[in-house]
Amino acid sequence: MRIIRKPLSRRTVLRGAGTAMALPLLEAMLPNSAMADTAQRPKRLQVFYTPNGMTMDAYRPATTGRDYALPPTLAPLAPHRDSMVVVSGLGHPQAAAMGDRPAGHGRSCPAFLTGAHAKQTEGPDIRCGVSMDQVFAAHLGDATQIPSLELGIDQASLLGSCDINYSCAYTNGISWLTPTVPLPVTANPRDVFERLFGDGEALDAKSRTAQARRQTSILDFVREDAARLSGALGVEDRHKLDEYLEASRAIERRIQRAEAGPAVVQTGLQQPAGIPATFADHVRLMIDLQVLAMQADLTRVGTFMIGREISNRTYPEIGVPDSHHMLSHHGKNPDKMAKLAQINRYHMGFFAYALQRMKDTRDGAGSLLDSTLVIRGSAFGDSNDHDFMDLPVIVAGGLVKGGRHVEVAKGTSMSNLMLAGLNLLGVQTDRFGDSTGPLRELTDA
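These figures come from a predicted structure and were not determined experimentally.

Quick notes on the rules
Residues numbered from 1 in each chain as written. Predicted model: local features only at pLDDT ≥ 70, side-chain atom pairs only at ≥ 80, totals over all residues. Heavy atoms only, no water. Helix = DSSP H or I, 4+ residues; strand = E, 2+ residues; numbered from the N terminus. Contact = heavy atoms within 4.5 Å. Areas by Shrake-Rupley, 256 points an atom, 1.4 Å probe, with all protein chains shown as cover. Pairing = 2+ DSSP bridges. Axes fitted to C-alpha atoms, helices over the stretch in contact; angles between N-to-C directions. 1 Å grid on protein atoms, 1.4 Å probe; cavity = no way out; pocket = protein on both sides within 12 Å on 5 of 7 lines; lining within 4 Å. Points joined across faces, edges and corners; volume = space filled by probe spheres on them. Polar contact = N/O pair within 3.5 Å; in protein donor to acceptor, adjacent residues only side chain to side chain. Buried < 20%, exposed > 50% of the residue type's maximum accessible area, 1.4 Å probe, protein only. Phe/Tyr/Trp six-rings, centres within 6.5 Å; stacked < 30°, edge-to-face > 60°. Lys NZ or Arg CZ within 6 Å of the ring centre and 35° of its normal.

Asks: What's the story with the overall build of the protein chain in this structure? I'm lost.
Replies: Broken down by element type, the protein chain carries 13 helices and 15 strands. Of all intrachain contacts in the protein chain linking residues separated by at least 6 positions in sequence, the fraction that spans at least 24 positions is 73%. On the protein chain, roughly 18100 Å² of surface is accessible, and the fraction owed to carbon and sulfur atoms is 53%.

In structure tokens form, the structure reads like this:
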């Protein structure tokens, strides 16, 4: 006889001493019919953005189809080849000057997820369009506690000069809630953790330092409630809950270590407490927080900028002490192009890390990656020419048929890909940005 159980509420949380901690999506929260049906799992969107374009010769596969060889920049993605589609030829017509003064970064970055032409202004009267991630977030409504999570690496206080004639708002982020409201990225891991699991009160630097010295954990407050809930769960759910709590505590420890360490000086300013000393540790920690937020179903929409557009970060850890932005304007100098390609490959390794983290995180009978649409891209292809009509785009996850390199007709707007992506996510719309129709190459195999 089939047993019909009453699902555990999706809003169930662990409580203790004024603390509330969200739970991961457990089988006990789903009706019996949805337990093993991947199609009924929540769909998610993740966007991974890298700045300053690419050395395209080291990035673009030489052939299309299923038998293409991974070029050097894409080599870190070898374990995920079957889960991704490399899409060549997409562009953003709306990033063209259209009579405005030259400023490629200031127009291309805001166009990346909106398919809209940014208004040329250095003042508060900014205007662009609603980004794809926010269209999906609006479609989900109040299904999750946090509509979307915008993460990045560069702090606003550490930013250099912005593009000529364009406000910094155009290059600081890629998400737009409305045509006049860009969403800022959060770069401090402690701020993200408190948003996910804290009581909503922001801490100043002094309070953060005191908290780090105490080494307190949110798990200390919810331990009894967690034990009580675990006893009422099935074997698989107990294992999943244990994994989730262990991951949460591991992230807390990493944040606490960063807060307890000395402030790291970059570009003449001190990084706030909570930011790890190395770029690699910072990136991985932010990716882990994004995955944890999805695992807990606190949000199903996330964007991550590994660097702001026009980033001048240097990478001595990989033998590139030169400014990233300066290298992107290489003037066809082979040495500079090779260094830019090193940075591109380095960044691609972190994208591979993000895919692996989603693949390793269970979601029902599958993984988070199985139910997530992942888009990786840049606002430029050839950075030296500010080429916004041949973008380096990769789409990954279980919502697409992977293992392919496809090349679309020159002049095809990336808005067509985003429209197809929204349709795959369950958003029934026939227009987005300057789209002319959904990109069939994304779903056809």
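The discussion continues.
Asks: Just checking my understanding: could you explain the sheet that holds strand β15 (residues 404–407) for this structure?
Replies: Pairing between sheet strands relies on hydrogen bonds along the backbone, with the strands arranged either parallel or antiparallel. Read across the open sheet, the seven strands follow the order β5-β10-β3-β13-β14-β4-β15; overall the sheet is mixed. The sheet is open, and its two edges are formed by β5 (149–152) and β15, each paired on a single side. For this sheet, the mean inter-axis angle between neighbouring strands, taken without regard to orientation, is 15°. In this structure, strand β3 (residues 44–49) lies alongside strand β13 (residues 372–377), joined through six bridges in parallel fashion. The residue of β13 that forms the bridge with Val47 is Ile375. Lying over the sheet, helix α11 (residues 334–360) contacts β3, β13 and β14 (393–396), oriented at roughly 175° with respect to β13. Contacting β4 (84–88), β13 and β14, helix α12 (residues 414–424) crosses the sheet at an angle of about 165° to β13.

Asks: Looking at this structure, how should I read empty space enclosed by the protein?
Replies: Any empty space left between the atoms is revealed when a probe the size of a water molecule rolls over them. Applying the stated criterion across every chain, the model contains three cavities of 30 Å³ or more. Considered as a void within the structure, the largest cavity measures approximately 120 Å³ in volume. Around the largest cavity, the lining residues are Gln46, Val47, Phe48, Ile287, Gln290, Val291, Met294, Phe304, Phe351, Ala354, Met358 and Val374. At the level of secondary structure, the elements contributing two or more residues to the lining of the largest cavity comprise β3, α9 (279–295) and α11.

Asks: I would appreciate a short explanation of the side chain of Asp154 in the present structure.
Replies: Within the secondary structure, Asp154 sits in the loop between β5 and α4 (169–172). Separated by 2.9 Å, the side chain of Asp154 and the backbone nitrogen of Arg308 make a polar contact. Here Arg313 takes part through its side chain, which lies 3.1 Å from a polar atom of the side chain of Asp154.

Asks: Teacher, can you tell me more about helix α2 (residues 104–111) here?
Replies: Side chains that are three or four residues apart share a direction in an α-helix, a result of its 3.6 residues per turn. Burial of α2 is extensive: eight of the eight residues sit out of reach of the surface. Buried residues of α2: Gly104, His105, Gly106, Arg107, Ser108, Cys109, Pro110 and Ala111, and no others. Against the buried residues of α2 lie β3, α4, β6 (175–178), β10 (301–305) and α10 (324–328).

Asks: Help me understand the packing of aromatic side chains, please; the structure alone is not making it clear to me.
Replies: Here the distance between the centres and the angle between the planes together describe a pair of aromatic rings. Tallied over the full model, the rule gives eleven aromatic pairs. When the centroid spacing of 5.3 Å and the interplanar angle of 50° are considered together, the rings of Phe48 and Phe351 count as tilted. Within this pair, whereas Phe48 is found in strand β3, its partner Phe351 is found in helix α11, the two being separated by 303 residues in sequence. Judged by its relative accessible area of 1%, Phe351 falls in the buried class. Relative to Tyr346, the ring of Tyr315 has its centre 5.8 Å away and its plane inclined at 80°; by these criteria the two rings are edge-to-face. Residue Tyr315 is found in the loop between β10 and α10, and its partner Tyr346 is found in helix α11; the two are separated by 31 residues along the sequence. Ring pairing ties together the aromatic residues Phe279, Tyr315, Tyr346 and Phe350, which thus form one cluster. Directly above the aromatic system of Tyr68 lies the positively charged group of Arg81, at a separation of 4.2 Å from the ring centroid.

Asks: Sorry if this is basic, but what is going on with unusual backbone geometry here?
Replies: Glycine aside, a negative phi is what most residues show, and trans is what most peptide bonds show. For Met98, which is not glycine, the phi dihedral falls at a positive 50°. Looking at the element boundaries, Met98 is found in the loop between β4 and α2. Residues other than glycine seldom take positive phi values, yet Asp297 does so here, at roughly 55°. Classification of Asp297 as buried rests on a relative accessible area of 8%.

Asks: Help me understand α12, please; the structure alone is not making it clear to me.
Replies: Counting buried positions over the eleven residues of α12 gives ten, a clear majority of the element. Positive phi shows up at Gly426, right after α12, with a value of about 95°.

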